[in-house]
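Okay, here's what each chain looks like letter by letter:
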Amino acid sequence: MDGLMLFTALAVALAVFAGVNALQSLMSSTRTAVQARVVGAADKLEHGPSLHVPRLQVLSERSRRMAFDLERAGLAFTVTEYLLIRVACGVAVAFLSALVVARLAVEATPGLLVAVIAFFVGYQLPTLYLGQRRAARQRRIEDQLLDALVSMAKSMRAGVGLTQALEYAARETDAPLGPELIRVVRELQLGADLELIFEELNNRVGSPDLEIASTAIIIQRRVGGNLSEILTNVANTIRERKAIRSELHALSAKQRLQGNLSALIPVGVAILFFLANPELAGKLVNTTTGLIALAVGIFFEILGLWLVRKFAQIEV
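Residues numbered from 1 in each chain as written. Predicted model: local features only at pLDDT ≥ 70, side-chain atom pairs only at ≥ 80, totals over all residues. Heavy atoms only, no water.

### Details of a nonpolar patch on the surface
For step 1, the next point in the chain: Taken together, the side chains of Ile292, Val296, Phe299, Phe300, Leu303, Trp306, Leu307 and Phe311 present a nonpolar region at the surface, about 830 Å² in accessible area.
For step 2, the next point in the chain: In this fold, phenylalanine 299 is placed in helix α14 (residues 288-312). (Patch = residues over 30% accessible without salt bridge, like charges linked within 9 Å, V, L, I, M, F, W, Y side chains within 5 Å. Areas by Shrake-Rupley, 256 points an atom, 1.4 Å probe, with all protein chains shown as cover. Salt bridge = Lys/Arg side-chain N within 4 Å of Asp/Glu carboxyl O. Helix = DSSP H or I, 4+ residues; strand = E, 2+ residues; numbered from the N terminus.)

What follows is the structure, encoded as structure tokens:
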């Protein structure tokens, strides 16, 4: 029980520390935005005068990356809310692990160590969800982009301008790409610069295929040319990239399957070990040495899965 009380105090201290970090991040983001308005241009924010405080400068860059990740995932959270969610997940996972360790009657010091490790594991869980959601949204946008480019090319062959072609493609495209194109159309109608609009679009979406299409449009506006033909060629290029990615995914499926099966072998051995000799296997969760060995084994298990998936990924 003393270990549980000590863990509670530590969890509160970590939550306060993370809350202060989130508040400083929000303040530095506000200061950065004010400085950008004073300078008068977004590029001055990166290459102009610094904030003179290294800590605030680092937090500002980190908060901007988090804001981009949240927007690319389609989540309407602020950076502060996202950090508080991470802290809450960390405290919840750590508290549950502390209860489990206390129920197993493990010594206070290893139980506290497990709770601290569980806090950082829980703190990273929202990041994993954010990455998966961002990747899923990006794949959805890339699937919709091909049809949107074809619609724009057909509209421009009919004699309409770029803004009207974008508006038509936006109406015909579902979320998430449709609302993004509608936002581009509104900014164009308000007289914003085309290059800045597509640069912000690329930052919000983070899709290489969309960056290829926007770069082609920007180059055409600078040097001229038949935009409908350019968009058709870009659509063909994206279609070929998509076919190559699908082929590579199929070719690397064997390696991913082997990695998953290899990762299941230690889990199966552990289950058989618990069934065959529960008293001896219980030392993995009832002793300090067993808990450390179990934690190291789980760590290398996760590391091996991550390495297999990382090596199987081929950028196109």
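Let us keep going from here.
### A short note on the confidence of the model for the chain
For step 1, the next point in the chain: Across the chain, the average pLDDT comes to 79, with 78% of residues at or above 70.
For step 2, the next point in the chain: When the criterion is pLDDT under 50, residues 24-53 qualifies, and its contacts beyond four places in sequence or with other chains add up to 30 contacts. (pLDDT = per-residue confidence, 0-100. Contact = heavy atoms within 4.5 Å.)

### Points about the nonpolar core
For step 1, the next point in the chain: Of all hydrophobic cores here, the largest spans 33 residues; its most connected members are Leu149, Met152, Leu166, Ile217 and Leu231.
For step 2, the next point in the chain: At the level of secondary structure, the elements contributing two or more residues to this core comprise α5 (108-157), α6 (162-172), α7 (177-189), α8 (194-205), α9 (208-223) and α10 (227-251).
For step 3, the next point in the chain: Every residue in contact with leucine 149, bar those within four places of it in the chain, is listed here: Ala213, Leu231, Val234, Ala235 and Ile238.
For step 4, the next point in the chain: Of all hydrophobic cores here, the second largest spans ten residues; its members include Leu70, Ala73, Leu83 and Val87. (Core = buried A, V, L, I, M, F, W, Y, C linked by side-chain atoms within 4.5 Å. Buried < 20%, exposed > 50% of the residue type's maximum accessible area, 1.4 Å probe, protein only.)

### Points about the packing of aromatic side chains
For step 1, the next point in the chain: Throughout the structure, instances matching the rule amount to three aromatic pairs.
For step 2, the next point in the chain: Seen from their ring centres, phenylalanine 119 and phenylalanine 120 are 5.4 Å apart, and the 80° between their planes marks the pair as edge-to-face.
For step 3, the next point in the chain: Phenylalanine 119 gets classed as buried once you look at its relative accessible area, which sits at 5%.
For step 4, the next point in the chain: Between phenylalanine 119 and tyrosine 123 the ring centres are 6.2 Å apart and the planes differ by 20°, which places this aromatic pair in the stacked class. (Phe/Tyr/Trp six-rings, centres within 6.5 Å; stacked < 30°, edge-to-face > 60°.)

### What about the side chain of glutamine 144?
For step 1, the next point in the chain: Within the secondary structure, glutamine 144 sits in helix α5.
For step 2, the next point in the chain: A relative accessible area of 8% means that glutamine 144 is categorised as buried.
For step 3, the next point in the chain: There is a polar contact of 3.1 Å between the side chain of glutamine 144 and the backbone nitrogen of leucine 177.
For step 4, the next point in the chain: With residues near it in sequence (within four places) discarded, glutamine 144 still touches Thr173, Asp174, Ala175, Pro176 and Leu177. (Polar contact = N/O pair within 3.5 Å; in protein donor to acceptor, adjacent residues only side chain to side chain.)

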